[in-house]
Amino acid sequence: MLLSLGAWAQYADTGTVTRTGTRIKVDGVKLSPEDQAAMLADINGTDYNPAWDKAKAGRTTGMALTLGGGVAALGGSTVLLLGLTTSVFGAAIGATVGSIGGQESAQQTAQKGAYAGKPYITAGLVAAGLGVAAMGAGIPMLVVNNRKLNVIVNDCNSGRPAAQLTMGPTANGFGLALQF
């Protein structure tokens, strides 16, 4: 009986496995990369290291696309606003300055002033559009790969071996059986 309890103790629950980013924690303590790889190497007889690495790379790509897209969309919006402001002020200043030369001159200089912001507007729209497209691709990648990492952690928590000590009849009489 003492030997069987000692064998059972080696399979006692070692704690709850959680995830922070792409690092695994056991009871709040981060595992070293080697310990993490060892833990993922055998969960119910399956090596989860390749799946973890693939989900980790997808998560990193998704995060880069989302952050880069956000910066591009914000920068593009700023350039777009600059172009719109330049066009509005260019038209107003052109009309004011052109009014000295008469009605026709005012229209021509207002039109030239309005076109002053056109390159900024175009560049801003392109940058903002690319940024939104990058975020549109990055956010789903981030969500899907975070879910994959969470599934692996859940498998790790549910894949802990359970040991049972039973007492009952056997082929040779009555005895203890340790199942793990």
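Calculation criteria
- Along each chain, the written sequence defines residue order, and numbers are assigned to residues from 1.
- In view of the model being predicted, local features appear only for residues whose pLDDT reaches at least 70, and side-chain atom pairs are presented and counted only at 80 or more, with totals across whole chains, interfaces and linings using the full set of residues.
- Heavy atoms from the whole structure form the basis of all side-chain values; hydrogens and water molecules are not counted.
- Axis angles are defined between N-to-C directions and span 0 to 180 degrees, where every axis is a line fitted to C-alpha atoms and, for a helix, only to the segment in contact.
- By the criteria applied, helices consist of DSSP H or I runs no shorter than four residues and strands consist of E runs no shorter than two, each listed in order from the N terminus.
- Angle categories are assigned with fixed cut-offs, so that under 35 degrees is roughly parallel, over 145 is roughly antiparallel, 65 to 115 is roughly perpendicular, and the rest are oblique.
- By convention the crossing between two helices is left-handed if the near helix lies anticlockwise of the far one by an angle smaller than a right angle, and right-handed if it lies clockwise.
- The nonpolar core is taken to be a set of buried Ala, Val, Leu, Ile, Met, Phe, Trp, Tyr and Cys residues, with the residues joined through side-chain atoms within 4.5 Å.
- Only protein chains enter the calculation, and the probe is 1.4 Å; a residue is then buried if its accessible area is under 20% of its type maximum, exposed if over 50%, and partly exposed in between.
- Residue contacts are defined here by distance: any two heavy atoms, one from each residue, within 4.5 Å place the two residues in contact.
- Residues scored as charged are limited to Lys and Arg (positive) and Asp and Glu (negative), so that His and the chain ends carry no count.
- Salt bridges are counted wherever a side-chain nitrogen of Lys or Arg sits within 4 Å of a carboxyl oxygen of Asp or Glu.
- In this scheme, strands are said to pair when DSSP sees at least two bridges between them.
- Under the scheme applied, nonpolar residues are Ala, Val, Leu, Ile, Met, Phe, Trp, Tyr, Cys and Pro; charged residues are Asp, Glu, Lys and Arg; polar residues are all the others, including Gly.

Visitor: Honestly, the packing of helix α3 (residues 49-98) against helix α5 (residues 118-158) in this entry has me stumped. Any pointers?
Guide: Helix-helix packing is characterised by the crossing angle of the two axes and by the distance between the axes. Relative orientation of the contacting elements α3 and α5 amounts to 160°, with a least axis distance of 5 Å. Judged by the inter-axis angle, α3 sits roughly antiparallel to α5. Crossing of α3 against α5: the hand is left-handed.

Visitor: Would you take a moment to explain the nonpolar core for this structure?
Guide: Side chains that are nonpolar tend, in soluble globular proteins, to be buried together. Val 17, Ile 24, Leu 40, Ile 43, Tyr 48, Trp 52 and Ile 152 are the most contacted members of the largest nonpolar core, which totals 13 residues. Looking at this core, the elements with two or more residues in it are β2 (23-26), α3 and α5. In terms of residues, this core owes the most to one element, α5, which gives 4 residues. Ignoring any residue separated from it by four or fewer positions in sequence, one finds Tyr 48 in contact with Leu 40, Ile 43, Ile 152 and Asp 155.

Visitor: Even after reading the chapter, I still don't get the side chain of Arg 59, so can you show me in this structure?
Guide: Checked against the element boundaries, Arg 59 lands in helix α3. One buried charged residue, Arg 59, forms no salt bridge at all, with the nearest opposite charge on Asp 53 at 13 Å. Apart from the residues lying within four places of it in its own chain, the contact partners of Arg 59 are Arg 19, Gly 21, Thr 22, Leu 142, Asn 145, Asn 146 and Leu 149.

Visitor: Would you explain the pairing of β2 in this entry?
Guide: The side chains of a regular strand alternate between both faces of the sheet. Of the two faces of β2, only one is covered, namely that formed by Ile 24 and Val 26; the face formed by Arg 23 and Lys 25 stays uncovered. Direction of pairing for strand β1 (residues 17-20) relative to β2: antiparallel, over a ladder of 4 bridges. Bridge pairing in β2 places Arg 19 opposite Ile 24. The turn joining β1 and β2, which pair antiparallel and follow one another in sequence, is formed by 2 residues; a positive phi near 65° is taken by Gly 21. In this structure, β2 lies alongside strand β3 (residues 29-30), joined through 2 bridges in antiparallel fashion. Note that in β3 the partner of Val 26 across the bridge is Val 29. The hairpin turn running from β2 into β3, its antiparallel successor, is 2 residues long, and Asp 27 in that turn takes a positive phi close to 50°.

Visitor: Mind showing me how you'd approach the side chain of Gln 36 here?
Guide: As for its position among the elements, Gln 36 is in helix α2 (residues 33-41). A relative accessible area of 7% means that Gln 36 is categorised as buried. With residues up to four places along the chain from it excluded, the contact list for Gln 36 reads Thr 22, Arg 23, Ile 24, Leu 31, Asn 49 and Trp 52.

Visitor: Would you take a moment to explain the sheet that holds β2 for this structure?
Guide: The strands making up a sheet are joined through hydrogen bonds of the backbone, oriented either antiparallel or parallel. Taken together, the 3 strands give an open sheet; going across it, the order is β1-β2-β3, and neighbouring strands pair in antiparallel fashion. The strands lining the two open edges of the sheet, one partner per strand, are β1 and β3. Across the sheet, α2 lies against β1 and β2, angled at about 80° from β2, the strand it touches most.

Visitor: It is not clear to me how unusual backbone geometry should be interpreted in this structure. Could you clarify?
Guide: Keep in mind that most residues, glycine aside, have a negative phi and that most peptide bonds are trans. For Asp 27, which is not glycine, the phi torsion reads 50° and is therefore positive. Tracing the backbone shows Asp 27 in the loop between β2 and β3. Take Asp 27: its relative accessible area is 53%, and that puts it in the exposed class.

Visitor: Quick question: what am I supposed to make of the packing of α3 against helix α4 (residues 103-115) here?
Guide: At a minimum axis distance of 7 Å, the contact between α3 and α4 shows a crossing angle of 160°. Here α3 lies roughly antiparallel to α4, going by the angle between them. Note on packing geometry: the crossing formed by α3 with α4 is right-handed. Residues Thr 86, Ser 87, Gly 90, Ala 91, Gly 94, Ala 95 and Gly 98 of α3 form the contact with α4, whose participating residues are Ser 105, Ala 106, Thr 109, Ala 110, Gly 113 and Ala 114. Split by residue class, the contact of α3 with α4 holds 5 nonpolar, 8 polar and no charged.

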